Amino acid sequence: MTEEGPRLSAQEMIERLSPALSLGMRVRAVAALVAGLAGAVFVGALWWSEPGPLPGRTHGAFALFTVFCLAWAGYGGWLLTRRVPLFAGERVVAAWIALVASVATAVVVVVVAVQRGTGLGLAVAVGGVFVAAALVLAVRAHARRAVLLRRMRELTGGREGA
């Protein structure tokens, strides 16, 4: 005969197996927060300190890069405030930020190359590499999340949060 102790729910087992914020996740979150804030301050300082009037597209590029930096800072802050297992949701969010940023940056670089009439092939190639890398990361993040959620459903017998 086996003696069983008190039965834990699947959610309790999951919480015991992995803390909500491991040291590695905490370091990544702080790095994203600090890098995002530093980037926003740096880009904002460059934008503000320009000696003369800037063309509209330059204002747009500075604004876009500032938004990207603030998105990473927001992501880092969001990670630090989570107290529950994320089931790879943080990777999905990061992958989407990276994909949107790489697509927007590639478009800006290609538009600038077209307007200047030089380096269009290089701009498209480099932008394509960054977009492809971000897309691969997004697909992998979604696949990993699906595996973890499927495993959670197996453990809970289909009851979310049991």
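How do you make sense of a positive patch on the surface when you look at a structure like this?
The grouping of Arg28, Arg91, Arg140 and Arg144 at the surface amounts to a positive patch. Mapped onto the fold, Arg144 is located in helix 5 (residues 120-156). Relative accessible area serves as the criterion here: at 41%, Arg144 is assigned to the partly exposed category.

What am I meant to see in helix 3 (residues 56-81) here?
An α-helix turns once every 3.6 residues. As a result, residues three or four positions apart point the same way. Helix length check: helix 3, at 26 residues, gives a terminal C-alpha distance of 37 Å against a target of 38 Å (1.5 Å per residue), a fit within 8%. Along helix 3, the residues that are buried comprise Ala61, Phe62, Thr66, Phe68, Cys69, Ala73, Tyr75, Gly76 and Leu79. Where helix 3 is buried, its residues contact helix 2 (23-48) and helix 4 (89-116).

Teacher, can you tell me more about helix 4 here?
In a regular helix each residue adds 1.5 Å, so 28 residues correspond to 40 Å; helix 4 covers 41 Å between its end C-alpha atoms and thus fits that length. Taken together, the buried positions of helix 4 are occupied by Gly89, Glu90, Val92, Ala94, Ala95, Ile97, Leu99, Ala101, Ser102, Ala104, Ala106 and Ala113. Residues of helix 4 that are buried in the fold lie against helix 2, helix 3 and helix 5. Phi for Gly117, located one or two positions after helix 4, is positive at around 75 degrees.

Would you mind showing me how to read a nonpolar patch on the surface here?
Together, Val103, Val107 and Val111 line one region of the surface with nonpolar side chains, adding up to about 210 Å² of accessible area. Within the secondary structure, Val111 is located in helix 4.

Honestly, the layout of surface pockets in this entry has me stumped. Any pointers?
Empty pockets left among the atoms are what a rolling probe the size of a water molecule brings to light. Size it by volume and the second largest pocket reaches roughly 200 Å³. In terms of lining residues, the second largest pocket is bounded by Arg57, Thr58, Gly60, Ala61, Phe65, Val108, Val109, Val111, Val112, Gln115 and Arg116. If one sorts the elements of the lining of the second largest pocket by residue count, helix 4 sits on top with six residues. The class makeup of the residues in the lining of the second largest pocket is six nonpolar, three polar and two charged.

How should I be thinking about the side chain of Thr66 in this particular structure?
Relative to the helices and strands, Thr66 resides in helix 3. With residues up to four places along the chain from it excluded, the contact list for Thr66 reads Ala40, Val43, Gly44 and Trp47.

Help me out: how do you make sense of the environment of Leu86 in this one?
On the secondary structure map, Leu86 appears in the loop between helix 3 and helix 4. Residue class for Leu86 comes out buried when judged on its relative accessible area of 12%. For the pair Leu86 and Leu149, spaced 63 residues apart in the sequence, the C-alpha separation amounts to 10.0 Å.

Rules and cut-offs
For every chain, the first residue of the written sequence is number 1, and numbering continues from 1 onward in sequence order. Residues qualify for local features only when their pLDDT is at least 70, as the model is predicted, and side-chain atom pairs are given and counted only at 80 or more; totals for whole chains, interfaces and linings, by contrast, use all residues. The side-chain numbers reported here are obtained from all heavy atoms of the structure, hydrogens and water having been left aside. Within this analysis, patches are made of residues with over 30% relative accessible area and no salt bridge. Like charges are joined at 9 Å or less; nonpolar side chains (Val, Leu, Ile, Met, Phe, Trp, Tyr) at 5 Å or less. To be clear on the numbers: accessible area is Shrake-Rupley with a 1.4 Å probe, and residue cover counts the displayed protein chains and nothing else. The term salt bridge refers to a side-chain nitrogen of Lys or Arg lying within 4 Å of a carboxyl oxygen of Asp or Glu. In this tally, Asp and Glu contribute negative charge and Lys and Arg positive charge; neither His nor the terminal groups of the chain are included. Charge positions come from single atoms, namely NZ of Lys, CZ of Arg, CG of Asp or CD of Glu. The way it works is that DSSP assigns letters per residue, a run of H or I at least four long becomes a helix, a run of E at least two long becomes a strand, and they are numbered from the N terminus. Note on exposure labels: buried denotes an accessible area under 20% of the residue type's maximum, exposed denotes more than 50%, and partly exposed covers the range between, all computed with a 1.4 Å probe on protein chains only. An expected span of 1.5 Å times one less than the residue number is assigned to each helix. Residue contacts are defined here by distance: any two heavy atoms, one from each residue, within 4.5 Å place the two residues in contact. Here a cavity is any set of points on a 1 Å grid over the protein atoms alone where a 1.4 Å probe fits but cannot get out, and a pocket is any open set with protein on both sides within 12 Å along at least 5 of 7 lines; a residue lines the site when it has an atom within 4 Å of a point. Grid points are joined across faces, edges and corners, and a volume is the space filled by probe spheres set on the points. Polar here means any residue other than Ala, Val, Leu, Ile, Met, Phe, Trp, Tyr, Cys and Pro, which are nonpolar, and Asp, Glu, Lys and Arg, which are charged; Gly is therefore polar.

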